Amino acid sequence: MKWENKGHEYDNIYGYIKKKKKLYLFGAGRDGKAVYDIMTNWISEEFQILGFVDNNKNKQGKTYCGLPVLSYEEIKINIPNLAVIISIVGAKALHDIKEQLKSLGLHENEEFFHYSEFLSVYFAYAKNKLFIHNVSFLPSTVCNLRCECCLNFTPYMKNFEVRDWRQLIADIDIFFQVVDYVELFHVSGGEPLLYPKIAPLLRYIYDNYHTKIHSLETVTNGTILPSKEFIQVFHDYPITITVDDYREALPDRRERFDEVIHVLESAGGAGQLHIQHYDNWIDLAPFETDHSTWNNEQLIRHFDACHALLQEFRDGRLYICNYDAYASVAGIISELPETDSFSFRTYDKSQLKALMEFRLGYSTRGYAELCKHCAGLFEINPNKVPPAKQIEDRT
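Throughout this document, residue positions are counted from 1 along each chain, in the order its sequence is written. Local features in a predicted model are, by the rule used here, given only for residues with pLDDT of at least 70; side-chain atom pairs are given and counted only at 80 or more, and totals for whole chains, interfaces and linings are based on all residues. Computation of side-chain values covers all heavy atoms of the structure but excludes hydrogens and water.

Participant: For this particular structure, what's the right way to read the sheet that holds strand E14 (residues 317–319)?
Facilitator: Neighbouring strands of a sheet are bound in pairs by backbone hydrogen bonds; such pairs are parallel or else antiparallel. DSSP bridges decide pairing: two strands pair if at least two such bridges lie between them. For helices the rule is a DSSP run of H or I covering at least 4 residues; for strands it is a run of E covering at least 2, with both sets numbered from the N terminus onward. With antiparallel pairing, three strands are arranged side by side in an open sheet as E13-E14-E15. At either end of the open sheet lies a strand with only one pairing partner, and these are strand E13 (313–314) and strand E15 (341–343). For E13 and E14, the ladder comprises two bridges, and the chain directions are antiparallel. Opposite phenylalanine 313, over in E14, you have leucine 318 as the bridge partner.

Participant: Got a minute to help me understand the pairing of strand E1 (residues 22–26) in this structure?
Facilitator: As a general feature of sheets, a regular strand has side chains that alternate between the two faces. Three labels apply to residues, based on accessible area from a 1.4 Å probe with only protein chains included: buried if under 20% of the type maximum, exposed if over 50%, partly exposed otherwise in between. Counting buried positions over the five residues of E1 gives four, a clear majority of the element. Here E1 runs beside strand E2 (residues 48–53); their pairing, made up of five bridges, is parallel. If you follow phenylalanine 26 over to E2, its bridge partner there is valine 53. The handedness of the E1 to E2 crossover, carried by helix H2 (residues 30–42), is right-handed. In the sheet, E1 pairs with strand E5 (residues 82–86) via five bridges, with the strands oriented parallel. In the sheet register, leucine 25 faces E5, and the bridge partner there is isoleucine 85. Classification remark: right-handed applies to a crossover when, strands pointing away from the viewer, the course from the first strand over the helix to the second runs clockwise.

Participant: Whenever I open this one, the packing of helix H6 (residues 198–209) against helix H7 (residues 228–236) confuses me. Can you help?
Facilitator: Geometry of a packed helix pair, given as the angle between the helix axes and the separation of the axes. Where H6 contacts H7, the two axes come as close as 8 Å, and the packing angle between them is 25 degrees. Classified by the interaxial angle, the pair formed by H6 and H7 is roughly parallel. Read as a crossing pair, H6 and H7 show a hand that is left-handed. Across from Ile198, Ala199, Pro200, Leu202 and Arg203 in H6, the residues of H7 making contact are Glu229, Phe230 and Val233. Gly falls in the polar group here, along with every residue not listed as nonpolar (Ala, Val, Leu, Ile, Met, Phe, Trp, Tyr, Cys, Pro) or charged (Asp, Glu, Lys, Arg). In the contact of H6 with H7, the residues fall into six nonpolar, no polar and two charged. The angle between two axes is taken between their N-to-C directions and runs from 0 to 180 degrees, where each axis is a line fitted to C-alpha atoms and a helix contributes only its stretch in contact. When describing relative orientation, an angle under 35 degrees is termed roughly parallel and one over 145 degrees roughly antiparallel, while 65 to 115 degrees is termed roughly perpendicular and anything else oblique. Take the far helix as the reference: if the near one is turned anticlockwise from it by less than a right angle, the crossing is left-handed, and if turned clockwise, right-handed. Contact criterion: two residues are considered in contact whenever any of their non-hydrogen atoms come within 4.5 Å of each other.

Participant: Please clarify how the environment of arginine 253 should be interpreted in this entry.
Facilitator: Relative to the helices and strands, arginine 253 resides in the loop between strand E10 (240–245) and helix H8 (254–267). Here the alpha-carbon distance between arginine 253 and threonine 223, two residues 30 residues apart in the chain, equals 6.4 Å. With residues near it in sequence (within four places) discarded, arginine 253 still touches Asn144, Leu145 and Thr223.

Participant: What is the right way to read the sheet that holds strand E4 (residues 67–70) from this model?
Facilitator: Within the open sheet, the six strands sit side by side as E3-E4-E2-E1-E5-E6. Their pairing is mixed. Of all strands in the sheet, those bounded by a partner on one side alone are strand E3 (63–64) and strand E6 (112–114). With two bridges joining them, E3 and E4 adopt antiparallel strand pairing. Across the sheet, tyrosine 64 pairs through a bridge with leucine 67, a residue of E4. Packing of H2 onto the sheet brings it into contact with E1, E2, E3 and E4, and relative to E1 it is tilted by some 155 degrees. Helix-sheet contacts for helix H4 (residues 115–127) involve E1, E5 and E6, and the interaxial angle to E6 is about 90 degrees.

Listed below in structure tokens is the structure:
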């Protein structure tokens, strides 16, 4: 989205949000619980959550977080000052839910909202605080796999990067000097378990900033055995580690994958383990896609339709698309324009709403540099490929 009224893009939407008092959360799952926890812990006095809505018939008629789970047809749309908050991330499910709510006569950004916008706008306007729903943080690009369609563009890197510890800590500190609350702080890679100081890094983030984080998470490809120090951190701290299940793609690593799962499950304690299965990946096709002849409006529409899930924070700057930032590090893009990122080093409180808008997809150009070379995510991208297919040589 292109800025038309920087710092005031959500004035009209906040006019609707500030009138809302009673809420349904659409999505009785992991994301829905995160939204419930954030609202309960931070703004419980402002809103009353009436219940959850979910399309899964096995959940309907039951309770979740102590509240009833309804079908969308059961939403009591005539309740005064009611809003439905969509607590779903997936683009396809999000589209379907919006159509369901529209069929009830509800209007987007008037009677129903996506949680990322609702919470970001409410915190900025009502609390003068910056809420960010997620961010990607990379201590290293080192990886032991060479996945053909890696979304981090690892196969294209001539040299891996291991960031200096002092630089990482400085980045974390400046991030939380600006951000009041983040739903998901995601430590990624590369392969995070290959970063030598991954355990002290997670410990530092949690010890210093856990009151500003709903979920501190990292990920592994399941082929690296966690160190004893990492296992201790996983035991002591309520962090989540996602293990990507690539056993079908990497049959020679099955034994190690099983060993990694066993070690993490045996750790017990505060940490949470999540195993992620993939039917397919998406190929962003950065060297096959050519949008260089597109005009600005075409690139803006492409960016808006993409639904990029994360933004990366690196060197004191928040990047409008994490894949845009990854492509720059990998050398696919020689240099990113300044408009593709927002500087936290020069930030002051007067920029709060503009920064909130940037995190929600607004920028000077309205698109990222990678849009000229990227096929996009999810339903706009037809390039479905097998996950974690290995290549022999980097190109």
